[in-house]
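Notes for the structure review
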Amino acid sequence: MDLIKLGVNIDHAATLRQARGVDYPNLVEIARLAEKAGAHGITIHLREDRRHIQDADVYALRKTLTTRMNLEMANNPDVVRIALDVCPNEICLVPERRQELTTEGGLDAAGQRDLLRPTIEALTKNGSEVSLFIAPDRKQLEAAADLGAPYVELHTGAYANATGDELKREIEALHDAAAYGQTLGLRVNAGHGLTMTNVAPLLDIPNLDTLNIGHSIIAHALFVGIEQSVREMLAAIQR
C-alpha cells in the first residue's frame, strides 16, 4: 500500500501574524521548512474575510513552493478570480460562513450542483485539480463524481470530536466513504481536527491519498519548531 501523504496547512501561522498586523512570521519561510521536513504539499485557505491568508500570500507561495499548493476556498467570485490567476496544483472547494471559527461541516455538493458545476469546469480547464470538502456521505460522493471533481476531501471533524459508540460510527463512515469513492473513480483525501493522538485509526482507510493537517502541527511547532513538528506528524501517519 502506498504511504499516505501529508499536506501541511499553514493558515494559523498567518493567524498569528494577523493578530498584530505585522509581516512575521514569514509564511514563505514556514512553508519552506515544512517542505524541508518532508511535507508533500502546503495547504492554505483564502477566506472571503481574509482573516488569515492574504491575497499576496497566495501569489508568493505559488512562486516559491517546491511541492503542491492546495488552495482551499469557497465558491466566491472574487476568490475564484484569484484562483484562476494563480492556478494552484489543487483547489479544494469548501463551505464558508463568516461567523464560524473554522470550517464547520462539509460542502453540500448534492444540493449545489448548478452553482458548483461552472466553477469546477473553469478551474479544471485552467489546469487545477479540484477537490470537494464533503462529509463521508454516499450522496455527496456521487455528486462529486457527477460534477467531475477528481478528488474529495473527507471532513474528519465529526470523527475528531466523537467518543464511544459515536467514534466507532464515524470511523466506519470514513471507511465506507473512501471505499465507495474509489468505486466512483475518486481519489480521497481527509482532514480537519486531526492530531498525532487521533490520526492512527484512520491510517488503514482504503484509497486514502493525503491527510491535510494544520492547527495541531502549528500548535506543536511552538514547542519543537516547525520542521520537527512536521517530521513527527509524518512519522505518525507513515508507521
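Residues numbered from 1 in each chain as written. Predicted model: local features only at pLDDT ≥ 70, side-chain atom pairs only at ≥ 80, totals over all residues. Heavy atoms only, no water.

Concerning the layout of surface pockets
Over the atoms rolls a probe the size of a water molecule, and in doing so it shows where empty space is left. The line we're drawing: Points on a 1 Å grid over protein atoms alone make up a cavity when a 1.4 Å probe fits among them but cannot get out, and a pocket when they form an open set with protein on both sides within 12 Å along at least five of seven lines; lining residues each have an atom within 4 Å of a point. Grid points are joined across faces, edges and corners, and a volume is the space filled by probe spheres set on the points. Think of it this way: any DSSP run of H or I at least four residues long counts as a helix, any run of E at least two long counts as a strand, and we number them from the N terminus. The residue classification treats Ala, Val, Leu, Ile, Met, Phe, Trp, Tyr, Cys and Pro as nonpolar and Asp, Glu, Lys and Arg as charged. All others, Gly included, are polar.
Roughly 270 Å³ of volume is contained in the second largest pocket. In terms of lining, the second largest pocket is formed by 13 residues, of which the most central are Ala-13, Leu-16, Ile-218, Ala-221 and Leu-222. When residues in the lining of the second largest pocket are grouped by element, the largest group, five residues, is from helix α9 (residues 215-224). Residue classes in the lining of the second largest pocket are distributed as nine nonpolar, four polar and no charged.

Re the nonpolar core
Quick note on the threshold: For this analysis, a nonpolar core means a set of buried residues of the types Ala, Val, Leu, Ile, Met, Phe, Trp, Tyr and Cys, connected via side-chain atoms within 4.5 Å. Exposure is judged per residue with a 1.4 Å probe applied to protein chains only, and the accessible area is read against the type maximum: over 50% gives exposed, under 20% gives buried, and values in between give partly exposed. Pairs of residues are marked as contacts when any of their non-hydrogen atoms sit within 4.5 Å.
In terms of nonpolar packing, the biggest core is built from 72 residues, with Leu-93, Leu-132, Leu-154, Leu-211 and Val-230 touching the most fellow members. Look past the residues within four positions of Leu-211 in its chain and what remains in contact with it is Ile-4, Lys-5, Leu-6, Gly-7, Ala-190, Leu-194, Val-199, Leu-203 and Ile-237.

Comments concerning the packing of aromatic side chains
The following threshold applies: Any two rings among Phe, Tyr and Trp, with Trp reduced to its six-membered ring, count as a pair given centres within 6.5 Å; such a pair is stacked if its planes are under 30 degrees apart, edge-to-face if over 60, and tilted if neither. Criterion for a charge above a ring: Lys NZ or Arg CZ within 6 Å of the ring centre, and within 35 degrees of the ring normal.
Scanning the model with the defined rule gives zero aromatic pairs in all. Residue placement shows Arg-138 over the ring face of Tyr-180; its charged tip is 4.1 Å from the ring centre.

Regarding the packing of helix α3 (residues 55-64) against helix α4 (residues 77-86)
Filter applied, for reference: Axis definition: a line fit to C-alpha positions, over the contact stretch in the case of helices; interaxial angles, taken between N-to-C directions, run 0 to 180 degrees. An angle below 35 degrees is treated as roughly parallel, one above 145 as roughly antiparallel, one from 65 to 115 as roughly perpendicular, and anything else as oblique. By definition, any crossing whose near helix is turned counterclockwise from its far helix by less than a right angle is left-handed, and any crossing with a clockwise turn is right-handed.
Across the interface, α3 lies against α4 with an axial gap of 11 Å and an inter-helix angle of 15°. Between α3 and α4, the crossing angle belongs to the class labelled roughly parallel. Crossing hand, α3 versus α4: right-handed. Residues Asp-55, Val-58, Tyr-59 and Arg-62 of α3 form the contact with α4, whose own contacting residues are Ile-82, Asp-85 and Val-86.

Comments concerning the sheet that holds strand β5 (residues 129-134)
As a reminder of what qualifies: Only when DSSP finds a minimum of two bridges between them are two strands counted as paired.
Here eight strands make up a closed barrel; going around it, the order is β1-β2-β3-β4-β5-β6-β7-β8 and the pairing parallel. Pairwise comparison of adjacent strand axes, ignoring direction, gives a mean angle of 25° for this sheet. In the sheet, strand β1 (residues 5-9) pairs with strand β2 (residues 41-45) via three bridges, with the strands oriented parallel. The residue bridging Asn-9 from the neighbouring strand is Thr-43, located in β2. Helix-sheet contacts for helix α5 (residues 113-125) involve β4 (90-93) and β5, and the interaxial angle to β4 is about 170°.

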